[in-house]
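Residues per chain are reported as follows:
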There are 2 protein chains.
Amino acid sequence: MADLAAALRDVVGAQNVLTAPADIAPYARDATAGYAQTPAAVVFPGDAAQVAGVLRVCRAQRAPVVPRGGGTSLSGGAVPVPGAVVLGLQKLDRILELDAQNLTLLAEPGVITEKIDEAAAPHGLFYPPDPGSIKISTIGGNVASNAGGLRGIKYGVTRDYVLALEVALPNGELAWLGSKCRKDVAGYSLRDLFIGSEGTLGVITKILLKLLPRPAAKATVLATFLDLEHAAATVSAIIAARLLPCTLEFLDQKTLRCVEAVVRLGLPVNAGALLLMESDGHPAAVAEEAEQMAQLARANGAMEVRRAKNAAEAVHLESARRQAYPALAQLRPTAILEDVTVPRSELAAMVRFIEETTRKHGVECATFGHAGDGNFHPTYLTDERDVEAMRRVRAASREIAAEAVRRGGTVSGEHGIGLAKKSYLALQRDAASFALLKQIKRAIDPENLLNPGKIFDL
Amino acid sequence: MADLAAALRDVVGAQNVLTAPADIAPYARDATAGYAQTPAAVVFPGDAAQVAGVLRVCRAQRAPVVPRGGGTSLSGGAVPVPGAVVLGLQKLDRILELDAQNLTLLAEPGVITEKIDEAAAPHGLFYPPDPGSIKISTIGGNVASNAGGLRGIKYGVTRDYVLALEVALPNGELAWLGSKCRKDVAGYSLRDLFIGSEGTLGVITKILLKLLPRPAAKATVLATFLDLEHAAATVSAIIAARLLPCTLEFLDQKTLRCVEAVVRLGLPVNAGALLLMESDGHPAAVAEEAEQMAQLARANGAMEVRRAKNAAEAVHLESARRQAYPALAQLRPTAILEDVTVPRSELAAMVRFIEETTRKHGVECATFGHAGDGNFHPTYLTDERDVEAMRRVRAASREIAAEAVRRGGTVSGEHGIGLAKKSYLALQRDAASFALLKQIKRAIDPENLLNPGKIFDL
């Protein structure tokens, strides 16, 4: 251990290596309830070469490495393993290039996600992915977990905006994967293999992102319904009309009541479900699409439909969705945000299943999420110190994950597998594809040093 | 060999195994000039289970397997190796499901690409990728090579539309990779690893595609310029105006003269470059974008700007681009279609480099392609029977590939590496990423039976 710390200091400088218990304590956890493990050390390299140097030291000393961005993982992806070196990437926080001719942006992994779109906007450009953690998560963490967000239905996920990556491999070499070209078929897409690999194959040290022209207009529509079946019917009607909203978000009754207490939108007291519907693009297209969505909501029994008259009103209506998790998190000591996902046609049936299953297990739960993607966030309201309550949460969560898979869905739409969903992965992956995961991990990280025990055990 | 053929007949039936020289001769080549190798046998399985069965037989008999869709590869991807079993997928040609609620289509790999969008259209849905070979290539081949097309600038490439794959692995097992969910982060994206892997990791047996709402309107604008610099300036101006055309195609002087002789558009005789510009989407947005593009072309010195008044005129103008390769291919015994790609800001410089380099080597060449993607098709007009001429073509081609990489581009934007570009791959891949390619191939296909010797040699 003394050797390890000394060797790390040689690479990154003494001021960038933490080993004192009080200093490293904050790095024992990420944003996932119920998982904590103090690491051996925490290091903060300043550039890609130092990241590679840290990996060479850790390999020589057989020390596991746990990469960490903003520490906002909801699946335990950044929780250390015993004896691990946490490799904190917050010092690699520069935007290195914005190429306005080729619509690309080159960033280091520690850049806060929100800063990407803020840098693009003055050039009339747009970085669409907007995970809920956008103000505190890093772009490196977003790429490592292939983060989603509210605009997925129209704009896809982080993967869809990554043109190239520089990664530090377990052997301490740097590799450049991809190019500035939207069309590039020169060998396997290793870039895509590393996206979403949760730090188990290498450490991302640079990210080349694709930007889009910024939409000229946006419209925001909020509708409330007596029950979720009417909300789900509206979603189906929007899809059947071949509209492509940029946001199509859903809140169940418990969530909307909780949000109303915080945001004071004056929602109908007996509303059982809420849809936030947004359209962006050309002003004429946006106006038409918003009107069509409002009409479809009414035709499907909406109690009330509101349309934002200006940007300030839009932000106010959007807060119904943006405040969902913070509002719910206030209710109980622990809020556990899940992310099961199903084909969107399964919306109503899946939410009803979540209601029944959590009731059966005596778990308090509110559900909201991305109706357009079939991506739900059942949020279990509990207390992580209560062993029995946590056991019931896990039982409900597992049944819900299995049901999502039965309906053609996935055990994780946005948060990744990490530690928290590791036991669910076999519900979804057939034996052959599960074996492939392990073969690839062994091929790239034969000594199992990079974020070991995440996603699966070797 | 007799054993192999007998074992294959047991799997797929005698009528689906070819071994007679006259029968297998057509499978010695694909669409790539200069590469031919007679296989040991050609088999036509009828379903995924038979594909897996063929792989088990070939593994037991140590016979290499070369998957084949439409045989339209331009990089030798479907050319057999000695002793190979060609696994023809044309009998797996069914569209199995169109899910209009979830906007997905499930197809077998042998479906002709064009049929995908034809099946989507009656449902108001759209499959955007449109490689030049769309009428004869298969969707399985498109996925295996991550095919591009004319709509790449706005709609991306085949990869962007693949949600899931079923693949038969070298060990004869079937694996399902992906799901119907647009958001799915349950382990490494093996789907993306297999897309573009050119049949070297497994055989694709089912493909789940994502569809989009069909654009309501389209506008087509054709502009001619005195030289390519003015055309390139127009492309830059369109990007700088933050427009997102669905097509932004370029023809050089030689190509447009050749096309004019075939299509008779009445183009100006002294035109040095042509741009085909298309916009699709909401009618108001399309009208505005088309007008802006026409104005930008004029502002950048266009000799003539035409706008299609109706669908028939649009098809006529589009034929300038669609007929480019067929028209050029008539000029000489052999036309070799290349696909170097650079960041789009390098358009003019790269085309000039192609002109100079082919002139230097005494190679007749015309260049056209996807200006919006920086993806060019220098087309070498030669005779593959002329050894000396082919040597000069290869010398020019290699210099052009190296220059593309120097300018931040790729040695292959659309056609893949196959055999023809294998020696170029090291120009682009650093040593670490090249080593990763081999590690992954060895992990998944340890006996090197799947399309061996394609992309790289082990």
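Residues numbered from 1 in each chain as written. Chains lettered and ligands numbered in written order. Predicted model: local features only at pLDDT ≥ 70, side-chain atom pairs only at ≥ 80, totals over all residues. Heavy atoms only, no water.

## A short note on the overall build of chain A
Each helix and strand counted, chain A has 16 helices and 18 strands in total. Looking at chain A residue by residue over its 458 residues, the buried ones come to 63%. At a minimum sequence separation of 6, the contacts of chain A that also span at least 24 residues come to 72%. In the structure as shown, chain A presents an accessible area of about 15400 Å², 52% of it carried by carbon and sulfur atoms. (Helix = DSSP H or I, 4+ residues; strand = E, 2+ residues; numbered from the N terminus. Buried < 20%, exposed > 50% of the residue type's maximum accessible area, 1.4 Å probe, protein only. Contact = heavy atoms within 4.5 Å. Areas by Shrake-Rupley, 256 points an atom, 1.4 Å probe, with all protein chains shown as cover.)

## So, the sheet that holds strand E1 (residues 17–18) of chain A
All names here are of chain A. Here we have 4 strands laid out as an open sheet, ordered E1-E2-E4-E3, and mixed in their pairing. Of all strands in the sheet, those bounded by a partner on one side alone are E1 and strand E3 (65–68). Relative to strand E4 (residues 85–88), strand E2 (residues 41–43) is paired through 3 bridges, and the arrangement is parallel. Within E4, the residue paired with Ala 41 across the bridge is Val 85. Where helix H3 (residues 48–60) meets the sheet, it contacts E2, E3 and E4, and its direction lies at approximately 175 degrees from that of E4. (Pairing = 2+ DSSP bridges. Axes fitted to C-alpha atoms, helices over the stretch in contact; angles between N-to-C directions.)

## Some points on the domain arrangement of chain A
Residues and elements named next belong to chain A. You can read the domains of chain A as domain 1 (2–88), domain 2 (95–213), domain 3 (217–323) and domain 4 (332–413). Once you take the C-alpha centre of each, domain 1 and domain 2 turn out to be 23 Å apart. Across the boundary between the two partners, domain 1 contributes 11 residues, which contact 15 residues of domain 2. A combined buried area of about 1100 Å² lies between domain 1 and domain 2, and 68% of that area is made up of carbon and sulfur atoms. (Domains from an automatic or database assignment. Buried area = accessible area lost by both parts, 1.4 Å probe.)

## Details of the nonpolar core
Core analysis: the largest hydrophobic core is formed by 184 residues, its most contacted members being Phe 194 of chain A together with Phe 194 of chain B. Beyond its immediate stretch of four places on either side in the chain, Phe 194 of chain B contacts Leu 436 of chain A together with Leu 165, Val 167, Leu 169, Leu 177, Leu 201, Gly 202 and Ile 444 of chain B. (Core = buried A, V, L, I, M, F, W, Y, C linked by side-chain atoms within 4.5 Å.)

## Overview of the packing of aromatic side chains
Residues and elements named next belong to chain B. Per the stated rule, a full pass over the model turns up 12 aromatic pairs over all chains. Where Tyr 27 meets Phe 44, the ring centres are 5.9 Å apart and the plane angle is 65 degrees; that geometry is what we call edge-to-face. Residue Tyr 27 is found in the loop between helix H2 (21–24) and strand E2 (41–43), and its partner Phe 44 is found in the loop between E2 and helix H3 (48–60); the two are separated by 17 residues along the sequence. Each member of the pair Tyr 27 and Phe 44 is classed as buried. Aromatic pair Phe 126 and Tyr 155: ring centres 5.3 Å apart, planes at 85 degrees, arrangement edge-to-face. Of the two residues, Phe 126 sits in strand E7 (residues 125–126) while Tyr 155 sits in helix H6 (residues 152–155), which places them 29 residues apart along the sequence. (Phe/Tyr/Trp six-rings, centres within 6.5 Å; stacked < 30°, edge-to-face > 60°.)

## Let's talk about the pairing of strand E9 (residues 174–178) of chain A
Two elements, strand E8 (residues 162–168) of chain A and E9 of chain A, share 5 bridges in a ladder whose sense is antiparallel. Across the sheet, residue Leu 165 of chain A finds its bridge partner in E9 of chain A, namely Leu 177 of chain A.

## Points about the sheet that holds strand E10 (residues 203–210) of chain B
Residues and elements named next belong to chain B. Read from one edge to the other, the open sheet built from 5 strands follows the order E5-E6-E10-E8-E9, with strand pairing classed as antiparallel. Strands with a single pairing partner mark the edges of an open sheet, and in this sheet they are strand E5 (95–99) and strand E9 (174–178). Between one strand and the next, the sheet's axes are offset by a mean angle of 10 degrees, whatever the strand orientation. On top of the sheet, helix H4 (residues 113–120) reaches E5, strand E6 (104–107) and E10; it is set at about 35 degrees to E5, its chief contact.

## Brief notes about the pattern of salt bridges
Per the counting criterion, the structure on display carries 72 salt bridges over all chains. For the salt bridge of Asp 192 of chain B with Arg 159 of chain A, the shortest nitrogen-to-oxygen distance reads 3.6 Å. You can see Asp 192 of chain B sitting in helix H7 (residues 190–194) and its partner Arg 159 of chain A sitting in the loop between helix H6 (152–155) and E8, one on each of two chains. Like Arg 159 of chain A, Asp 192 of chain B is buried. Residue Asp 339 of chain B is joined to Lys 421 of chain B by a salt bridge in which the shortest nitrogen-to-oxygen separation is 2.6 Å. Residue Asp 339 of chain B is found in the loop between strand E16 (334–337) and helix H13 (347–360), and its partner Lys 421 of chain B is found in the loop between helix H14 (387–406) and helix H15 (425–428); the two are separated by 82 residues along the sequence. For the pair Asp 339 of chain B and Lys 421 of chain B, one class covers both residues: buried. Each of Arg 159, Arg 191 and Asp 192 of chain A together with Arg 159, Arg 191 and Asp 192 of chain B takes part in a single network of salt bridges with overlapping partners. (Salt bridge = Lys/Arg side-chain N within 4 Å of Asp/Glu carboxyl O.)

## With respect to helix H4 (residues 113–120) of chain A
All names here are of chain A. Here H4 has its buried residues at Thr 113, Ile 116, Asp 117 and Ala 120. End-on, the buried residues of H4 take up no more than an arc of 85 degrees, which puts them together on one face. In the core, the buried residues of H4 are packed alongside strand E5 (95–99), strand E6 (104–107), strand E7 (125–126), helix H5 (139–144) and strand E10 (203–210). (Arc of directions from axis to C-beta.)

## Considering the relation of the copies chain A and chain B
Note on the identical chains: chain A maps onto chain B by a rotation of 180 degrees and an axial translation of 0.0 Å, with an RMSD of 0.0 Å. Taken together, the rotation angle and the small translation identify this as a two-fold axis. Most of the interface of chain A is mirrored in chain B, where 100% of its interface residues are also at the interface. (Least-squares fit on C-alpha atoms with pLDDT ≥ 70 in both.)

## Remarks on the packing of helix H8 (residues 228–240) of chain B against helix H10 (residues 283–299) of chain B
All names here are of chain B. In the contact formed by H8 and H10, the axes pass within 9 Å of each other and the chain directions differ by 140 degrees. Classed by the angle they form, the pair H8 and H10 counts as oblique. Judged by the twist between their axes, the crossing of H8 over H10 is right-handed. Where H8 approaches H10, its residues Thr 234, Ala 237 and Ile 238 are matched on the opposing element by Met 293, Leu 296 and Ala 297. (Parallel < 35°, antiparallel > 145°, perpendicular 65-115°, else oblique. Left-handed = near helix turned anticlockwise from the far one by under 90°.)

## Considering the interface of chain A and chain B
In many analyses, interface size is given as the accessible surface area lost on bringing the parts together. Listed per partner, the contact involves 83 residues of chain A and 84 residues of chain B. Surface buried jointly by chain A and chain B totals about 6400 Å² across both partners, of which 60% is contributed by carbon and sulfur atoms. Per-residue buried area on chain A facing chain B is highest for Lys 183, Val 185 and Tyr 188 of chain A; these three make up 16% of the total on that side. Taken together, the links from chain A to chain B amount to 6 salt bridges. Run the count over chain A and chain B and you get 34 residue pairs in polar contact (both at pLDDT 80 or more). (Polar contact = N/O pair within 3.5 Å; in protein donor to acceptor, adjacent residues only side chain to side chain.)

## Observations regarding H8 of chain B
Residue and element names in this part refer to chain B. Counted at 1.5 Å a residue, the expected span for H8 with its 13 residues is 18 Å, and the 18 Å between its end C-alpha atoms agrees. Along H8, the residues classified as buried are Leu 228, Ala 231, Ala 232, Thr 234, Val 235, Ala 237, Ile 238 and Ile 239. Buried positions along H8 lie against H6, strand E12 (217–225), strand E13 (247–252), strand E14 (273–281), H10 and H13. Two to three positions downstream of the cap, the backbone nitrogen of Glu 229 sits 3.2 Å from a side-chain oxygen, assigning the N-cap of H8 to Asp 227. Phi turns positive one or two residues past the end of H8, at Arg 242, with a value near 60 degrees. (Expected span 1.5 Å × (residues − 1).)

## What about the side chain of Ser 137 of chain A?
All names here are of chain A. Turning to its location among the elements, Ser 137 is positioned in the loop between E7 and H5. A polar contact of 3.2 Å, which involves the side chain of Ser 137, links it to the side chain of Asn 142. With residues near it in sequence (within four places) discarded, Ser 137 still touches Thr 72, Val 111, Ile 112, Thr 113, Pro 131 and Asn 142.

## Looking at the environment of Pro 109 of chain B
Residues and elements named next belong to chain B. Inspection of the secondary structure puts Pro 109 in the loop between E6 and H4. What makes Pro 109 buried here is its relative accessible area of 2%. It is 9.9 Å that separates the C-alpha atoms of Pro 109 and Arg 68, two residues lying 41 residues apart in sequence. For Pro 109, the contacting residues outside a window of four places in its chain are Leu 89, Leu 92, Thr 138, Ile 139, Gly 140, Ile 204, Thr 205, Lys 206 and Ile 207.

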